[in-house]
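Observations on chain architecture
Listed below are the residues making up each chain.
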Amino acid sequence: MREPLIFEMSKKGRKGYSLPECDVDKENLKKMIPEEYLRQKSPDLPQVSEPDLVRHFTRLSQRNLGIDTNFYPLGSCTMKYNPKVNEEIARLPGFRQIHPYQPQESVQGILKILYEMERLLCQISGMNKVSLQPAAGAHGELTSMMMIKAYYKERKEERNVVLIPDSSHGTNPASANFCGFQVKEIKSNREEEIDLNDLTKKINKEVAALMVTIPNTLGLFERNILKIAKIIHNEGSFLYLDGANLNALLGLVRPSDLGVDIMHFNLHKTFSTPHGGGGPGSGPIGAGEKLAPYLPIPLVEKGKEGYYLDYNRPKSIGKVRSFYGNIEVIIKAYCYLRSLGKEGLKEVSYNAILNANYLMKKLKKYFSLPYKGPCMHEFVLSGEDKEAKGIRTLDIAKRLLDYGFHPPTIYFPLIVKEALMIEPTETESKETLDAFILAMGQIKKEIKENPCLVKEAPCNLPISRLNEVKASRELKLRWEKNGV
Ligand SMILES: *Cc1c(COP(=O)(O)O)cnc(C)c1O
């Protein structure tokens, strides 16, 4: 099963194309490009036939576990099935061939979609206004922090602290810090929710915002959120919602009703769109009345003569992304929203919650659950096993690959030892969930009876256990012929 490198398959003179003789006079390259930029030697490119090339890359592509081939319960990431029809629509020539600098009257169609998308997200969240510009969740967080900073700067209030719970996603402290805020951590209580005593101790007039995630990264709804909002607002600070877990709230809870002042959406998670492996994503932000004037420019508005881009927003922090954001992701999310409708979206959340609770109930027989249920759309187990010394969550994750499952998120959130964070999403059937439960039970048995096997996994894949530290520290991308 060893797949050779494409360089190793190379045979001199073999080609994957055939073109007629060139019938125009050759130009000397040196006339067009300064000599210093021209390479001295031709590159040593692989020479292979078209079928060999196609087979090589098709085989490589099949070595990946993806949402179209395998169950992918990657907690926090919401790896749900992406309806292919949305891909088709986003690829229609009318969308694909427009230019961002075309006159507005010639792109009324896409402006209408952006306008409606902003309003749909307002309805879902209860926020006053939405900007579709940020390119991902983390970018939405940063944009929001910049807006909060601009708000206090205008009021000449010195507020340099952002409070963040210890269960939060790493991008939260990173975004706040990147924006120049000092990050202070809020502890979780025994129920793994925000500790109100710790919050009360740390809130003061220096605090610009509290960043919360609902449901939190353990998949639990913050039951004290109304009290938390009150504590924050009484001090004149803002409540920021990391909306990455919105998959559990659609049509059930409106963030504005929880006291949220500003939030981001992850269109690529909640509203489908293939993601992972680097994007593209889309992280719109929604703001309540106080912060809406600071949203990035332009927003899409509707006037007498049609839809237009509104740049006349004097308090705006400016632009945070070229053009208007990742348009094709927005189109896919728009199609997803329109095809499901209000009732369909509610069903998404109900089924996501149902699937997660089913898995949680079945899996806690095998691995320990660090809190009492029920959960929302995801849950966290601990892979720690007092009897099976030396077996770690990493081993369980690697063994799952042998059973044909993409592993869950591991070692996050940080507050659970040996965390296994599982999010099945609503698009999985009971049969798939049962197959996963069976595999997890089997692995638990192997840990007892044959721990060495689990320690060495994956055993049935073309590549066995990697030294991940070495692989990332000594990344080797260059093919060397005879070590040269
Ligand atoms: C994914 C995620 C983010 C960051 O979003 P990106 O779109 O990956 O930048 C932030 N918070 C939580 C809880 C997440 O799951």
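Just so it is clear, the model here is predicted, and its values are computed rather than measured.

Turning to the nonpolar core, a few remarks are in order. One finds Met-117, Leu-210, Leu-267 and Phe-271 to be the most contacted residues of the largest nonpolar core, which totals 57 residues. Beyond its immediate stretch of four places on either side in the chain, Leu-210 contacts Leu-163, Ile-164, Pro-165, Ile-186, Leu-199, Ile-228, Ile-232, Phe-238, Leu-239 and Tyr-240. Counting 33 residues, the second-largest nonpolar core is a separate cluster that includes Leu-220, Phe-367, Leu-381 and Ala-419.

Closest axis-to-axis distance for the helix α6 (residues 137–154)/helix α7 (residues 171–178) pair is 9 Å, and the angle between their directions is 40 degrees. Of the possible angle classes, the one that applies to α6 and α7 is oblique. The two elements α6 and α7 meet at a crossing, and its hand is right-handed. Each of Ala-138, Glu-141, Leu-142 and Met-145 in α6 lies in contact with α7, whose residues at this interface are Thr-171, Asn-172, Ser-175, Ala-176 and Phe-178. For the contact of α6 with α7, the class distribution of residues is 5 nonpolar, 3 polar and 1 charged.

Now for the sheet that holds strand β4 (residues 207–213). Pairing is mixed across the open sheet formed by 7 strands, whose spatial order is β1-β7-β6-β5-β4-β2-β3. On the outer flanks of this sheet lie β1 (129–131) and β3 (182–186), each paired with one strand and no other. Averaged over all pairs of adjacent strands, the angle between their axes in this sheet comes to 25 degrees, without regard to strand direction. Across 3 bridges, the pairing between β1 and strand β7 (residues 285–287) is antiparallel. Among the inter-strand pairings, Lys-129 is bridged to a residue of β7, identified as Ala-287.

This part is about the domain arrangement of the protein chain. If you check the domain split of the protein chain, you get domain 1 (1–63), domain 2 (86–340) and domain 3 (349–473). Just the C-alpha atoms count here: the centres of domain 1 and domain 2 sit 45 Å apart.

Burial along strand β12 (residues 419–422) is two-sided: Ala-419 and Met-421 facing one way and Leu-420 and Ile-422 facing the other are all buried. Pairing geometry for strand β10 (residues 379–382) and β12, over 4 bridges, is antiparallel. In the sheet register, Leu-381 faces β12, and the bridge partner there is Leu-420. Note: strand β11 (residues 409–410) against β12, 2 bridges, orientation antiparallel. By the bridge assignment, Ile-410 is partnered in β12 with Leu-420.

Calculation notes
Residues numbered from 1 in each chain as written. Predicted model: local features only at pLDDT ≥ 70, side-chain atom pairs only at ≥ 80, totals over all residues. Heavy atoms only, no water. Core = buried A, V, L, I, M, F, W, Y, C linked by side-chain atoms within 4.5 Å. Buried < 20%, exposed > 50% of the residue type's maximum accessible area, 1.4 Å probe, protein only. Contact = heavy atoms within 4.5 Å. Axes fitted to C-alpha atoms, helices over the stretch in contact; angles between N-to-C directions. Helix = DSSP H or I, 4+ residues; strand = E, 2+ residues; numbered from the N terminus. Parallel < 35°, antiparallel > 145°, perpendicular 65-115°, else oblique. Left-handed = near helix turned anticlockwise from the far one by under 90°. Nonpolar A, V, L, I, M, F, W, Y, C, P; charged D, E, K, R; others polar. Pairing = 2+ DSSP bridges. Domains from an automatic or database assignment.

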